[in-house]
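Summary of the model geometry
Chain residues, written in single-letter form:
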Amino acid sequence: MTKNSQRLSQLISTFGPGSMIDLPTRSVIVAGLEWWDMRGNSFTTIPEPRLAMRLEQLLKDQGRLDPEVQLSLRTPPVSNELGHGAPQGVAAPVFPTWFVCEQGETGSGPNSSLRRRRLVRWQDLDTKGRRKFVFDDGRKSEVTPIRFVCACEKGHMQDIDWRWVVHGAVQCHEPMWIEEKGTSADPADTSVVCGCERRLSLQDAFQPGRLGKCRGERPWLMDRDPEGCGDNLKLLTRTATNTYFPQVYTVISLPAEEDELSRLVDELSGDLAGVQTIDDVAQAKKFNPRVSASLGAYSNSDIFDRLKRLRDRARVDASKSPKLSEFDVFASGTAEIGSNSASAKLYAQTLPRSEWEDTSVGIDLSSIKGLVAVHRLREVSCLYGFTRFEAAPTSADGDIEDIQLAVRGAPISRHADWLPAIEQFGEGLFIHFDEKAVAAWLQEPKVAARQEDLIHGYEHWQRRFSGGAPSYPGTAYTLLHSLSHALMAEIALDCGYPASSLKERIYALSDSRTGNIPERCGVLIYTATPGAQGTLGGLVGAGSRFARIVAGALDRLKVCSNDPVCADHEPDGHSGDRATHGAACHGCLLIAETSCEMRNLFLDRSLLVPTMGAHGSSFFD
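These remarks concern the structure in this document. (Residues numbered from 1 in each chain as written. Predicted model: local features only at pLDDT ≥ 70, side-chain atom pairs only at ≥ 80, totals over all residues. Heavy atoms only, no water.)

Side note on the overall build of the protein
Our working definition: Here a helix means four or more residues in a row that DSSP labels H or I, a strand means two or more in a row labelled E, and each is numbered from the N terminus. Any residue under 20% of the maximum accessible area for its type is buried, any over 50% is exposed, and the rest in between are partly exposed; the area is computed with a 1.4 Å probe on protein chains only. Contacts are assigned to residue pairs with any non-hydrogen atoms lying within 4.5 Å of each other. Using the Shrake-Rupley algorithm and a 1.4 Å probe, accessible areas are obtained, with residue cover drawn only from the displayed protein chains.
Helix and strand counts for the protein come out as 15 helices and 22 strands. Looking at the protein as a whole, 51% of its 621 residues are labelled buried. In the protein, 70% of the contacts between residues at least 6 apart in sequence involve partners at least 24 apart. Looking at the protein as shown, the accessible area adds up to about 27700 Å², and 49% of this sits on carbon and sulfur atoms.

Listed below in structure tokens is the structure:
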């Protein structure tokens, strides 16, 4: 892999269209889908009709997809490492186009900590590689991209017009400099200075409207938003974490094979995405070698019939939350779920209670109805947009909520009929909770009192949303979410997998989205990575030690290293994300945000075990 290469999974998450990447000599912005080289065999079509139809419906409702277009899922293009012909990959225009010279001038005497460096444009650099700036006296200096750009709340981004910001309407062509004092990188210690002695402190650049109005520029799509903009621009540090928050939709693939032909059609559904008639099947056989090799022995009418059934089933599933279908499969109680084959999307076994319940541990697990060992699962994740400044929240039921925060989702293409996606395989454990036990626990007076505190905190948190906040996920969700985090930390110690390789899906589902008593309760802890890490059977093997793992996880939560501050934390007295927490901090429940489906929101260990806070709301004694 070359130094300018990215993994396929990174283009779906951290470095998707609209994000910025630091290269050795410059910074670039990842271009939209129209500038991805999808020629020949550089990509693979991913068959997941349930996910494709759900996102197709979303984008059509938002007017970002033509009503006649059928959406498909494709992997990002793989670069041609052999070097034959032009390299394949993803275009990435240079951004920002302002640079700072490495060679600078330092002050003397009282100003010995002052450093002054020349500010130049892309077109000012030497034409041989655009890596150096040549001063008037012939000196050459390496350059680095400036650390600051500007963006608006709709995701638009552009270079800061430094001459206008410093001079206003006054025309000036004198050289410009960056002056820095000390080593703290405080905005107050950094100024943009012109040769005419006008200057701007970066601290002043944070003032609303100081950087001007947004022109709707979308450098990743190489155009301007046709709807325009006009919002106030905000200063954004190029390498800050709030420059890019991907909007990724994830589903767990479910078994759908009725017979061998159904299985083959399901595997090739991506290649058959354009098939609308029986005649189209014949054309697919003729021009697609994969289809011909796998389905050549079957009649066109049988293939089209199976394809139609598959699409009808996916269309029904796409009309509801994906978690509903997933829970119903995992909690079915069937001894074997799916098929035990190398090509299977899902294979799991419902473990007998005698295999995982250990009375000698001394913990009551009667509230857990079943444990499912998921030997093989397939996770498909698809990127459909991004936000800046703030991450868009996800709903507790796993569905897409069109929440109008202070920011809005930005598109990753102009008119593409496909979205980038990746499939990852792994294993997991599904824990099915007794819904009646959870409902009875919610009715207890002390639990109801704690629930009021959590709802008040949620009301503080929801004030940041301008167009309607996401629904309160429910106290049952907070219970299961907190237990999931505790189990992931304990499982990482038990089976040896890195904690960051584990993921979760919380099932606290009801027919309404108002936080009522759930009708489905479960937790899926799994690992799915594009490499080999986390797929060696260690997570499934932990099923036989499940009782001890639960006991160990709960025992660690009784006392936190930050107690009594953590245990006494009240959510209704805080703002921001801390308003969604009860007794939870980095010392006990918070984990890597890449592992958490809710970005570490809605956690409270006092719902699991007794703590110093003495709330009396614990689910486990």
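From this point, the discussion proceeds with the structure in view.
Quick notes on the side chain of asparagine 600
The condition is simple: Whenever two N or O atoms come within 3.5 Å, that pair is a polar contact, provided that in protein one can donate a hydrogen and the other can accept it, and provided that, for residues adjacent in sequence, both atoms are side-chain atoms.
Here asparagine 600 is to be found in the segment after α15 (546-557). In terms of polar contacts, asparagine 600 uses its side chain to reach the backbone carbonyl oxygen of isoleucine 591, at 2.7 Å. With residues near it in sequence (within four places) discarded, asparagine 600 still touches His485, His581, Leu590, Ile591 and Glu593.

As for helix α13 (residues 475-495)
To be explicit about the condition: The span you would expect from a helix comes to 1.5 Å times its residue count less one.
The first and last C-alpha atoms of α13 sit 30 Å apart over 21 residues, in line with the 30 Å expected at 1.5 Å per residue. Burial analysis of α13 places 18 of its 21 residues in the buried class, the great majority of the element. The positive-phi residue at the C-terminal boundary of α13 is glycine 496, with phi of around 95 degrees.

Describing the environment of lysine 234
Examined against the element boundaries, lysine 234 turns out to sit in strand β15 (residues 234-237). For lysine 234, a relative accessible area of 35% puts it in the partly exposed group. The spacing of lysine 234 and cysteine 152 is 82 residues in sequence and 6.0 Å in space, taken between C-alpha atoms. Contact partners of lysine 234, with chain neighbours within four places excluded, come to Val149, Cys150, Ala151, Glu153, Leu211 and Phe389. A distance of 2.8 Å separates a polar atom in the side chain of lysine 234 from a polar atom in the side chain of glutamate 153.

What about the pattern of salt bridges?
What counts here: Here a salt bridge means any side-chain nitrogen of Lys or Arg lying within 4 Å of a carboxyl oxygen belonging to Asp or Glu.
Applying the stated rule across the entire model yields 28 salt bridges. A salt bridge links arginine 450 to glutamate 570, with the nearest nitrogen and oxygen atoms 3.4 Å apart. Taken together, the positions of arginine 450 in helix α12 (residues 445-461) and glutamate 570 in the segment after α15 put the pair 120 residues apart, joining distant regions of the chain. One salt-bridge network, in which partners are shared between bridges, spans Arg450, Asp453, Glu570 and Asp604.

Details of the sheet that holds strand β7 (residues 140-145)
What counts is decided by this rule: Here the rule is simple: two strands pair whenever DSSP picks up at least two bridges between them. Axes here refer to lines fitted to C-alpha atoms; in helices the fit is confined to the stretch in contact. Angles between the N-to-C directions go from 0 to 180 degrees.
The antiparallel open sheet is built from seven strands, whose spatial order is β6-β7-β4-β5-β10-β11-β12. Of all strands in the sheet, those with a lone pairing partner are β6 (132-134) and β12 (199-201), marking the two edges. Between one strand axis and the next, the sheet turns by 35 degrees as a mean value, whatever way the strands run. For strand β4 (residues 98-106) and β7, the ladder comprises three bridges, and the chain directions are antiparallel.

Section: the sheet that holds strand β9 (residues 157-158)
Across the sheet, which stays open at both edges, the three strands sit in the order β9-β8-β15 with antiparallel pairing between neighbours. The outermost strands of the open sheet, each flanked by one partner alone, are β9 and β15. Of the strand pairs in this sheet, strand β8 (residues 148-151) and β15 are connected by four bridges, and their pairing is antiparallel. Residue pairing in the sheet places cysteine 150 in a bridge with leucine 235 of β15.

Describing the nonpolar core
Put simply, the test is: The nonpolar core is taken to be a set of buried Ala, Val, Leu, Ile, Met, Phe, Trp, Tyr and Cys residues, with the residues joined through side-chain atoms within 4.5 Å.
Leu365, Phe433, Leu487, Phe546, Leu554 and Leu608 are the most contacted members of the largest nonpolar core, which totals 65 residues. Take this core: its biggest share by element is eleven residues, from α13. In this structure, Val28, Ile29, Leu71 and Ile412 belong to the second largest nonpolar core, which totals 42 residues.

Let's talk about unusual backbone geometry
The linkage connecting phenylalanine 95 with the following residue, proline 96, adopts the cis geometry, with an omega of 0 degrees. Residue proline 564 follows aspartate 563 across a cis peptide bond; omega there is 5 degrees. Tracing the chain through its elements places proline 564 in the segment after α15. Notably, arginine 599 is not glycine yet its phi reads approximately 50 degrees, a positive angle. Tracing the backbone through its elements, the reader meets arginine 599 in the segment after α15. Accessibility expressed as a relative area gives 23% for arginine 599, which makes it partly exposed. Of note, the phi angle at asparagine 600 is positive, near 60 degrees, even though the residue is not glycine. For asparagine 600, a relative accessible area of 5% puts it in the buried group.

So far we have only geometry, and geometry alone does not tell us how the molecule works.
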